[in-house]
Amino acid sequence: MINTTLCYVLRGSEVLMLHRVKKRNDINAGKWIGIGGKFEPGESPEECLLREAREETGLDLTSWRCRGVVTFLSEGGPGEYMYLFTADGFRGELRECDEGELQWVSREFLDALPKWEGDKIFLDLLWRDAPFFLLKLRYDRDRLVEAVLDGKKIR
């Protein structure tokens, strides 16, 4: 299992999204996701969050909150524990990202963008301001085959 972070940076009714269109052999190619990435050795979740935000966006996060942990399982993959954050405070200027195109997107428009099926589940939890949650998502290639929220199967 690998450890990662994913963060949705909020600015009023907009969310900073990354359209993954630049990396080769990218499992997220063409999808819209938040910012984040893999832990480096010895990093805590918040250290990874802050480093990845700075590397991918040029922004220094000043206010953030861990909202849940998502376990991803997929046939043939290593599995992943993803620490999910939202951030509503930052300093700095947005810069170009080498993994895709960064764009501020309204929450309403976000629903129409291509993303992983399981992302819709945790985004709904974020927007409803759900308490801290544990979510397990199991995929067969690109298809979500199981979702378990706080120990209860929801799909």
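Everything discussed here concerns the structure shown above.
Report on the accompanying structure. (Residues numbered from 1 in each chain as written. Predicted model: local features only at pLDDT ≥ 70, side-chain atom pairs only at ≥ 80, totals over all residues. Heavy atoms only, no water.)

Description of the pattern of salt bridges
Part 1 of the reasoning: Within the structure shown, the criterion is met by 14 salt bridges.
Part 2 of the reasoning: Asp60 is the partner of Arg54 in a salt bridge, and the nearest nitrogen-oxygen pair spans 2.7 Å.
Part 3 of the reasoning: For Arg54, a relative accessible area of 42% puts it in the partly exposed group.
Part 4 of the reasoning: In this structure Asp60 comes out as partly exposed when scored by relative accessible area, which is 27%.
Part 5 of the reasoning: Here Asp129 ties to Arg67 by a salt bridge, and the two come within 3.0 Å at their closest N and O atoms. With Asp129 in the loop between helix H3 (117-127) and strand E8 (133-140) and Arg67 in strand E5 (residues 60-74), this residue pair connects regions lying 62 residues apart in the sequence.
Part 6 of the reasoning: The buried category is assigned to Arg67, whose relative accessible area is 5%.
Part 7 of the reasoning: The network of salt bridges with common partners includes Glu40, Glu43, Arg51, Glu52 and Glu55. (Salt bridge = Lys/Arg side-chain N within 4 Å of Asp/Glu carboxyl O. Buried < 20%, exposed > 50% of the residue type's maximum accessible area, 1.4 Å probe, protein only. Helix = DSSP H or I, 4+ residues; strand = E, 2+ residues; numbered from the N terminus.)

Some details on the packing of aromatic side chains
Part 1 of the reasoning: Under the counting rule described, the total for this entry stands at six aromatic pairs.
Part 2 of the reasoning: Here the aromatic rings of Phe39 and Tyr83 are separated by 5.6 Å at their centres, their planes lie at 35°, and the arrangement is tilted. Within this pair, whereas Phe39 is found in the loop between strand E4 (35-38) and helix H1 (45-57), its partner Tyr83 is found in strand E6 (residues 80-91), the two being separated by 44 residues in sequence.
Part 3 of the reasoning: Taken together, Tyr8, Phe122 and Trp127 form an aromatic cluster joined through their ring pairs.
Part 4 of the reasoning: Here Lys31 stacks its cationic end above the ring of Trp116, 4.5 Å away from the centre of that ring.
Part 5 of the reasoning: Here the guanidinium or amino end of Arg107 rests over the ring plane of Trp127, the centre of that ring lying 4.3 Å away. (Phe/Tyr/Trp six-rings, centres within 6.5 Å; stacked < 30°, edge-to-face > 60°. Lys NZ or Arg CZ within 6 Å of the ring centre and 35° of its normal.)

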